[in-house]
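Take a look at the letters that make up each chain.
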Amino acid sequence: MQKEECFYLGKIVGKFSFKGEVVIKLDTDYPEMYQEMESVFADFDGNLVPFFIENIRSYKGSGLRVKFEDVDTEADADDLVKAQLYLPLDLLPELDDGQFYYHDVAGFEVIDHLKGNIGILREVREGVQDLFVIDFKGQEILIPVNDEFIGEIDYDNKKFNVSAPEGLIDLYL
């Protein structure tokens, strides 16, 4: 399995017990959707390694408490802490109309309702406030990910329409 064929699920943030259990912080709004997983892929130096799940429970909101097969000691769990976890793209849940996955719109041409074409959407930078990172002739434009700013998405023509707050784009150009 290649990383390009997968989506980022979350990260192992710590160990839970001396029996090899770990805590996973999921990168999702719907952690309950992942409580029936049978396996995940962990990234070790760019290689995805499968780990099969023996037991899984919800943990503090968007977390999971997981016991992997053959991870039976605290030392085994230590080796997994900070590993990023992935699942195959075909396991992504279907979205409602108007919703999108960040990886789906990377590379799209971004059209602002006032400024017109403002460049190519390179990535969505995730943080306290997720940001669209747009490349306009080598200049980086950042627009907050906010439902009020997102317009129509044309998947066939790879165009992403936005309504940036007045004056925001001018700060970058």
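Below is a summary of the structure that appears in this document. Just so you know, these numbers come straight off a predicted model, no measurement behind them.

**Section: the overall build of the protein chain**
So, step 1. Within the protein chain one finds 2 helices and 12 strands.
So, step 2. Going residue by residue from the N terminus, the α and β elements of the protein chain occur as β-β-β-β-β-α-β-α-β-β-β-β-β-β.
So, step 3. When contacts within the protein chain are restricted to residue pairs at least 6 apart in sequence, long-range pairs at least 24 apart make up 52% of them.
So, step 4. Total accessible area on the protein chain stands at roughly 10,500 Å², and carbon and sulfur atoms take up 46% of it.
So, step 5. For the protein chain, the separation between the mean place of its 16 positive charges and that of its 37 negative charges on side chains is 7 Å.

**Examining the sheet that holds strand S12 (residues 159–162)**
So, step 1. Taken in spatial order, the 6 strands of this open sheet run S10-S9-S8-S7-S12-S11, and their pairing is mixed. Of all strands in the sheet, those with a lone pairing partner are strand S10 (139–144) and strand S11 (150–154), marking the two edges. Each strand axis lies, on average, 35 degrees off the axis of its neighbour in the sheet, ignoring direction.
So, step 2. Strand direction decides the pairing type here: S11 and S12, joined by 3 bridges, are antiparallel. In the sheet register, Asp154 faces S12, and the bridge partner there is Lys159.

**A word on the environment of Gly151**
So, step 1. Along the chain, the position of Gly151 falls in strand S11.
So, step 2. On the basis of relative accessibility, which here comes to 34%, the residue Gly151 falls in the partly exposed class.
So, step 3. Placed 98 residues apart in sequence, Gly151 and Ile53 show a C-alpha to C-alpha distance of 40 Å.
So, step 4. Once you skip the residues sitting within four places of it in the chain, Gly151 turns out to touch Asn161 and Val162.

Parameters at a glance
Residues numbered from 1 in each chain as written. Predicted model: local features only at pLDDT ≥ 70, side-chain atom pairs only at ≥ 80, totals over all residues. Heavy atoms only, no water. Helix = DSSP H or I, 4+ residues; strand = E, 2+ residues; numbered from the N terminus. Contact = heavy atoms within 4.5 Å. Areas by Shrake-Rupley, 256 points an atom, 1.4 Å probe, with all protein chains shown as cover. Lys, Arg positive; Asp, Glu negative; His and termini not counted. Charge placed at Lys NZ, Arg CZ, Asp CG, Glu CD. Pairing = 2+ DSSP bridges. Axes fitted to C-alpha atoms, helices over the stretch in contact; angles between N-to-C directions. Buried < 20%, exposed > 50% of the residue type's maximum accessible area, 1.4 Å probe, protein only.

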